[in-house]
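Here are the chains, one letter per residue:
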Amino acid sequence: MKVETGVIAAAGSGTRMLPVTLGYPKELLPIINKPALHLIVEEFIDSGLKRIVIVTGANPDPIYRQYDRSGVPPRGKYKEVDDFVDKLAHTEIIFEPQKGPYGNGTPLIVAEQFIPDGEGFIYAYGDDLIKSATPFTAKLIKKHNRTGALVVGTQEVPWEDVVRYGIAQIREDSAERRLDDVVEKPSREEARSNLAMFGRFLLSREIINLLKEIPKGRGGELWLTDAVREYIRRGGTVVAESVEDGAWLTIGDPVNYLTTLLRYALAQPELAAVVHKEVSAAGQEA
């Protein structure tokens, strides 16, 4: 399948980051000098996507303003702004408010109208970042082109955390890491593996059709995991891809947000020096 469209779920309530998220989408939380959302947009663009659908929540205005290129300062005044505008020059950005039941499957139903028939698409959660040498979306597309399968991003998590994620089970005899089953937020006792699916997926329109067919799942929400599970049950092939040259990071809660900030800061020599200095000073004060 051709893959030129990306969908970003940016409608989360951000309750674990209150009170800042009372009037500010968590997807715009700053990662040094860039909104988290824009790091995903850059990953998509660097992977060759031409169209990005951002499914927004109850307070979309800040996201609209972030991508309103008509209000930027005159060219040449700020290099960072010029770079931002240049990055978006050949990309269509579409905003669509979320409508429908709760759940991480709903944004795909909302975005369906913007995905060309017969094409695949990338789906990202707006609070999941992949810091890697190679854009992770490009790795998903490469693996799909090689296998013809749908592809999900995966990473092992501590066993006590399996209750927080969709968990994938891989066939033991599969060189391409073909999925045998997936389960949404299983208990520790129910989980057959600790391989979590994080917020990067290469999917087809068949998954959206299944989301419109299947009943609501755990907690009365519409889960993407349930549609992937049904796709596999009906004979579809889904394979796993992991981050090998970087890390999956998230900004959904204070601890992980701080971890993400530190990982990005330490990757910039001038900021890394400041971090090391401050940590050393704090240690001496303690």
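Okay, so let's go over this structure. One numbering rule holds for all chains: residues counted from 1, following each sequence as written. Only residues with pLDDT of 70 or above have their local features reported here, since the model is predicted, and side-chain atom pairs are shown and tallied only from 80 upward, although totals for entire chains, interfaces and linings are computed over all residues. As a rule here, side-chain values cover all heavy atoms of the structure and leave hydrogens and water aside.

### Focus: the overall build of the chain
Thought 1: For the chain, the count of helices and strands is nine helices and 13 strands.
Thought 2: Values of the radius of gyration come from C-alpha atoms, whereas the globule rule sets the reference at 2.2 Å times the count of residues to the power 0.38. Against the compact-globule benchmark of 19 Å for 286 residues, the chain has a radius of gyration of 19 Å, which places it among compact chains.
Thought 3: Along the first, second and third principal axes, the C-alpha set of the chain runs to 55 × 50 × 35 Å.
Thought 4: In the chain, buried positions account for 50% of the 286 residues.
Thought 5: Side chains of the chain carry 35 positive and 41 negative charges; the gap between the two charge centres is 2 Å. Strands are runs of DSSP state E lasting at least 2 residues, helices are runs of H or I lasting at least 4, and numbering of each runs from the N terminus. Under the scheme applied here, a residue whose accessible area is under 20% of the maximum for its type counts as buried, over 50% as exposed, and between as partly exposed, the area being computed with a 1.4 Å probe on protein chains only. Positive charge is attributed to Lys and Arg, negative charge to Asp and Glu, and no charge count is given to His or to the chain ends. For charged residues, the charge sits on one atom: NZ in Lys, CZ in Arg, CG in Asp, CD in Glu.

### Comments concerning the side chain of E230
Thought 1: By the secondary structure assignment, E230 is in helix α7 (residues 224–233).
Thought 2: Classification of E230 by relative accessible area gives buried; the value is 15%.
Thought 3: Setting aside its immediate chain neighbours within four residues, E230 contacts L210 and I214. Any two residues having at least one pair of non-hydrogen atoms within 4.5 Å are treated as being in contact.

### Observations concerning the packing of aromatic side chains
Thought 1: Any Phe, Tyr or Trp ring, taking Trp's six-membered ring, that has another such ring centre within 6.5 Å forms a pair; planes under 30 degrees apart are called stacked, those over 60 apart edge-to-face, and the others tilted. Evaluation of the coordinates by the stated rule reveals nine aromatic pairs.
Thought 2: With centroids separated by 5.1 Å and ring planes inclined at 75°, the aromatic side chains of Y64 and F95 adopt a geometry described as edge-to-face. With Y64 in helix α2 (residues 61–66) and F95 in strand β5 (residues 92–97), this residue pair connects regions lying 31 residues apart in the sequence.
Thought 3: Exposure remark for F95: the relative accessible area of 23% places this residue in the partly exposed category.

### Regarding the nonpolar core
Thought 1: Only buried residues count toward a nonpolar core. Its members are Ala, Val, Leu, Ile, Met, Phe, Trp, Tyr and Cys residues joined through side-chain atoms within 4.5 Å. Residues I8, I31, F44, I52, I54, I122 and L129 are the most contacted members of the largest nonpolar core, which totals 47 residues.
Thought 2: Counting residues per element, this core draws most heavily on helix α1 (residues 36–46), which supplies seven residues.
Thought 3: Once residues within four sequence positions are removed from consideration, F44 is found in contact with G6, V7, I8, L49, I52, I122, A124 and T137.
Thought 4: I115, Y125, L203 and A227 belong to the second-largest nonpolar core, a separate cluster that totals 35 residues.

### Description of the pairing of strand β8 (residues 150–156)
Thought 1: Burial within β8 is extensive, with five of its seven residues counted as buried.
Thought 2: Pairing between two strands requires that DSSP report at least two bridges joining them. Here β8 pairs with strand β12 (residues 238–242) via five bridges, running parallel. The residue bridging V151 from the neighbouring strand is V239, located in β12.
Thought 3: Here β8 pairs with strand β11 (residues 195–203) via five bridges, running antiparallel. Its bridge partner being in β11, E156 is matched across the sheet by L195.

### Concerning a nonpolar patch on the surface
Thought 1: In this scheme, patches are assembled from residues that exceed 30% relative accessible area and form no salt bridge. Like charges are connected within 9 Å, while nonpolar side chains (Val, Leu, Ile, Met, Phe, Trp, Tyr) are connected within 5 Å. Residue-level accessible areas treat just the shown protein chains as cover; the underlying method is Shrake-Rupley with a 1.4 Å probe. A pairing counts as a salt bridge when a side-chain nitrogen of Lys or Arg comes within 4 Å of a carboxyl oxygen of Asp or Glu. A surface patch of nonpolar side chains, about 250 Å² in accessible area, is lined by L258, L262 and L266.
Thought 2: Mapped onto the fold, L266 is located in helix α8 (residues 254–266).
Thought 3: Overall, L266 belongs to the partly exposed group, its relative accessible area being 40%.

### Topic: unusual backbone geometry
Across residues other than glycine, the phi torsion is negative in most instances, and most of the peptide bonds are trans.
Thought 1: The omega torsion of the bond from L18 to P19 falls at 10°, within 30 degrees of zero and hence cis.
Thought 2: By the element assignment, P19 lies in the loop between β1 (3–10) and β2 (30–31).

### Focus on the pattern of salt bridges
Thought 1: Counted according to the given criterion, the structure contains 21 salt bridges.
Thought 2: In this structure, the salt-bridge partner of K79 is D83, at a minimum N-O distance of 2.7 Å. Here K79 and its partner D83 are both found in helix α3 (residues 79–88), four residues apart, which amounts to about one turn of the helix.
Thought 3: On the basis of relative accessible area, K79 is assigned to the exposed category, the value being 58%.
Thought 4: Residue D83 is classed as partly exposed on the basis of its relative accessible area, which comes to 38%.
Thought 5: A salt bridge links R233 to E230, with the shortest nitrogen-to-oxygen separation between them at 2.6 Å. You can see R233 and its partner E230 sitting in helix α7, three residues apart, about one turn around the helix.
Thought 6: One connected set of salt bridges, linked through shared partners, spans E112, D117, R205 and K212.

### Topic: helix α6 (residues 205–213)
Since there are 3.6 residues in each turn of an α-helix, residues three or four apart along the chain are aligned in direction.
Thought 1: Within the span of α6, buried status applies to R205, I207, I208, L210 and L211.
Thought 2: Packing partners of the buried residues in α6 comprise α4 (106–111), β6 (120–125), β8, β11 and α7.

### Things to note about the packing of α8 against helix α9 (residues 269–285)
Thought 1: Look at α8 against α9: their axes get within 7 Å of each other, and the N-to-C directions meet at 125°. The angle between α8 and α9 places the two elements in the oblique class. Contact residues: L262, A265 and L266 in α8; L271, A272, V275 and H276 in α9.
Thought 2: Ten residue types, Ala, Val, Leu, Ile, Met, Phe, Trp, Tyr, Cys and Pro, are classed as nonpolar, four, Asp, Glu, Lys and Arg, as charged, and the remainder, Gly among them, as polar. Looking at the contact of α8 with α9 residue by residue, the classes come out as six nonpolar, one polar and no charged. Structural elements are reduced to axes, namely lines fitted to C-alpha atoms, with helices fitted over the stretch in contact, and the angle between N-to-C directions of any two is expressed from 0 to 180 degrees. Relative orientations are named as follows: roughly parallel for angles under 35 degrees, roughly antiparallel for angles over 145 degrees, roughly perpendicular for angles from 65 to 115 degrees, and oblique for any other angle.

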